[in-house]
Structure formats: structure tokens, C-alpha cells
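Here is what each chain is made of, one letter per residue.
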Amino acid sequence: MNLAEDMDAPELAALLHFYADAGVEWLVEDEPVDRFAQFAAQKAAQAEARAPASARQQQPAPNEQAPVSRPATPNRTAPTARASAPPPASAPVSVPDEQAVASARFAADSARSLDELKAALEAFNGCNLKNGARNTVFASGNPGSGIMVIGPMPNADDDRDGMPFSGRQGQLLDRMLGAIGLARDGVLLTNVIPWRPPGNRMPSQAEMDICRPFLERQVALAEPKLLLLLGNFPARFFFGGNGTIHSMRGEWRDLSFGGIAVSAIATLHPQELLAAPANKALAWQDLLMFKMRFSGH
């Protein structure tokens with residue numbers, strides 16, 4: 001096992017970054033905790049809760065001798081039926097997905113500007129992803145550019161900074177945009193999902209349905225001419241199907257948002273290029289196609 005005192009600063013930083021990406025928020029606790037004992041106690045409590053009430057009442061406690069059974073004598077003064085105990089308090093009822101989607105649609109459609117949409121998104125509490133995220137990551141950049149770059153969901157860097165495409169992925173995206181004559185502050189950057197899922201897991205279908213109205217309204221309000229979709233998740237979100245980014249990339253498709261026609265093309269996400277640098281040649285082909293299209297506007 002490597003101890004912290006045996007690591008240098010870069011190694012410690014890389015380790016902490018890995019823990020943050022994995023969803024770890026607390027590294028140590030004030031007092032040592034016996035997790036095995038906790039688990040055993042929880043199992044015992046669950047087993048006792050599942051047992052019939054009569055069995056729990058008749059079961060002798062540890063180190064206690066079971067009472068000797070005696071013939072029961074009728075008690076004519078006692079009531080024939082014993083009052084039932086009050087039921088245990090139930091867990092709060094969660095909002096049904098359909099209701100959450102309807103609330104999201106109403107909140108999104110009520111916004112008349114991107115600022116109003118941002119305020120509505122920050123006030124919206126119908127998606128459980130928000131409960132585990134540090135920040136609501138809204139769009140940044142120039143909404144009047146006519147170009148919108150859409151990624152999947154915030155990562156740990158985005159969630160910490162409250163800005164889309166932060167950290168190493170953002171630095172690579174800056175270089176990708178710069179190679180075709182664009183800059184971060186010259187386009188509008190956003191994500192399909194505005195809150196980081198715990199441990200960077202994939203959002204559920206219900207979570208995607210709840211977030212969809214906000215993104216669609218964001219596109220309708222920004223009125224971009226072109227969309228650049230980065231990665232599998234945004235491509236499937238907009239184009240449908242279960243294809244991979246390699247089967248969906250490099251092809252222009254026409255979409256419509258609130259009566260506004262938009263042309264979209266998908267390419268590989270910066271994280272995919274960091275993991276497999278050989279794919280940069282494919283992304284470069286897509287970027288050149290994107291440049292040819294926006295240069296004509």
C-alpha cells in the first residue's frame with residue numbers, strides 16, 4: 001500500500017482527482033467506524049422488522065430464560081379485539097416521473113430569455129440529480145454566435161467550477177475549436193444534463209426526460225444555426241437510436257426546436273480523444289466539415 005507521505009505532490013493530486021471523478025467526497029472520518037459491525041446490525045434489524053409481531057414478542061432476549069407457558073384463562077373483562085398499533089411512518093412519496101416532466105416543461109416554456117431559463121433551472125427541484133451535485137451547470141459563451149456546442153453532462157471539474165467543459169477536457173476542446181477558427185467565448189457551450197450524476201454514472205431515462213425540456217428550450221431561445229454534438233450521449237439524445245458515435249459522426253442532420261430549424265453534426269467527445277488519441281484524425285475530419293458549414297453562413 002502506498003502511503004500519502006511516500007507520494008509527491010503530482011501523485012497526490014492525481015489520486016485526489018481520481019477519487020473526485022469516482023464520486024468520493026469524504027476520505028476520512030473523525031472516528032474509526034467498524035463497517036462490518038454496522039452491516040451485521042442492519043441485517044439483524046431488518047430481519048427483526050420482517051418477523052411477525054407475535055414472534056418478536058415471544059422471542060426471549062439474550063441471556064434471558066424463556067417464561068414457562070401456563071394455560072390461558074379467559075379474561076371476560078378484556079375487550080375481544082386488541083387495538084392495532086399505529087402504522088410506521090412511511091417514507092416521503094416521490095414525485096411521479098410524469099408530473100416531474102410536466103413541471104419541467106412548464107418551467108422551461110415559461111422562460112422568455114436564457115437568463116430566465118437559468119433562474120428556472122436553478123429553482124427546479126424535480127430531478128434527483130440536483131440533490132447530489134454541487135452546482136447547476138448552465139450554458140456559457142456567446143448565445144448570439146449561431147453556434148452551439150453540446151456535451152453530455154458535467155464532470156467533476158464542471159461540477160466544481162459551475163462551468164461546462166472545465167479541466168483537461170475543456171482545454172482540449174479549446175484547442176479543437178481554435179483549430180477551426182473558433183473560441184470558447186465565441187460560441188455557446190452547454191450540456192444535455194445540467195447536473196453531474198453521482199460517480200459520473202449514466203442518467204436514467206426518467207432523468208433524461210425531466211432534463212429534456214430545459215435543453216430544448218435553451219436551443220429554442222439561443223436560436224443557433226448549427227449544433228456540434230460531442231460524444232455518444234448527445235448524439236443519441238438528439239438523433240435517437242443506440243448507435244455508437246462512430247456510426248453517427250460526420251453526418252449532417254436537420255432538427256427542429258420550437259419551429260426553429262437547426263443543422264447538427266456529431267463528433268467524438270474530448271474525453272474520448274484523451275483516452276484514444278488515434279481518433280483525433282476522425283474528429284479533425286468532422287471539425288473541417290463543421291467549419292465548411294459555418295463559414296458559409
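Residues numbered from 1 in each chain as written. Predicted model: local features only at pLDDT ≥ 70, side-chain atom pairs only at ≥ 80, totals over all residues. Heavy atoms only, no water.

## Some thoughts on empty space enclosed by the protein
Under the defined criterion, the tally for this structure stands at one cavity of 30 Å³ or more. Counted as a void, the largest cavity has a volume near 70 Å³. Along its surface, the largest cavity is lined by Leu121, Val137, Phe138, Thr190, Asn191, Val192, Ile193, Pro194, Cys211, Phe214, Leu215 and Gln218. Taken together, the elements giving at least two residues each to the lining of the largest cavity come down to β3 (188-191) and α9 (205-222). The biggest single contributor to the lining of the largest cavity is α9, with four residues. (1 Å grid on protein atoms, 1.4 Å probe; cavity = no way out; pocket = protein on both sides within 12 Å on 5 of 7 lines; lining within 4 Å. Points joined across faces, edges and corners; volume = space filled by probe spheres on them. Helix = DSSP H or I, 4+ residues; strand = E, 2+ residues; numbered from the N terminus.)

## Quick notes on the side chain of Ser140
The residue Ser140 is located in strand β1 (residues 140-141) in this model. Here Ser140 falls in the buried class, since its relative accessible area comes to 11%. Those residues in contact with Ser140 that lie beyond four places of it in its chain are Met163, Pro164, Val187, Leu188 and Leu189. (Buried < 20%, exposed > 50% of the residue type's maximum accessible area, 1.4 Å probe, protein only. Contact = heavy atoms within 4.5 Å.)

## Comments concerning helix α5 (residues 114-123)
Along α5, the residues that are buried comprise Leu114, Leu117, Ala120 and Leu121. The arc enclosing the buried residues of α5, seen along the axis, measures out at 120°, which places them on a common side. Exposed positions of α5 whose direction lies more than 90 degrees from the buried face are Asp115 and Ala123. Buried positions along α5 lie against α4 (97-110), α6 (129-132) and α9. (Arc of directions from axis to C-beta.)

## Concerning the environment of Ile260
Structurally, Ile260 is set in strand β6 (residues 260-267). What makes Ile260 partly exposed here is its relative accessible area of 21%. Ignoring anything within four residues of it in the chain, the contact list for Ile260 reads Ala220, Glu223 and Leu255.

## Observations concerning the pattern of salt bridges
Across all of its chains, the model carries eight salt bridges by this definition. Between Arg160 and Asp161 there is a salt bridge, with its nearest N and O atoms 3.1 Å apart. The class for Arg160 is partly exposed, based on a relative accessible area of 44%. Measuring nitrogen to oxygen at the nearest pair gives 3.0 Å for the salt bridge that ties Asp174 to Arg184. Of the two residues, Asp174 sits in helix α8 (residues 167-179) while Arg184 sits in the loop between α8 and β3, which places them ten residues apart along the sequence. Overlapping salt bridges bring together Arg105, Arg212 and Glu216 as one network. (Salt bridge = Lys/Arg side-chain N within 4 Å of Asp/Glu carboxyl O.)

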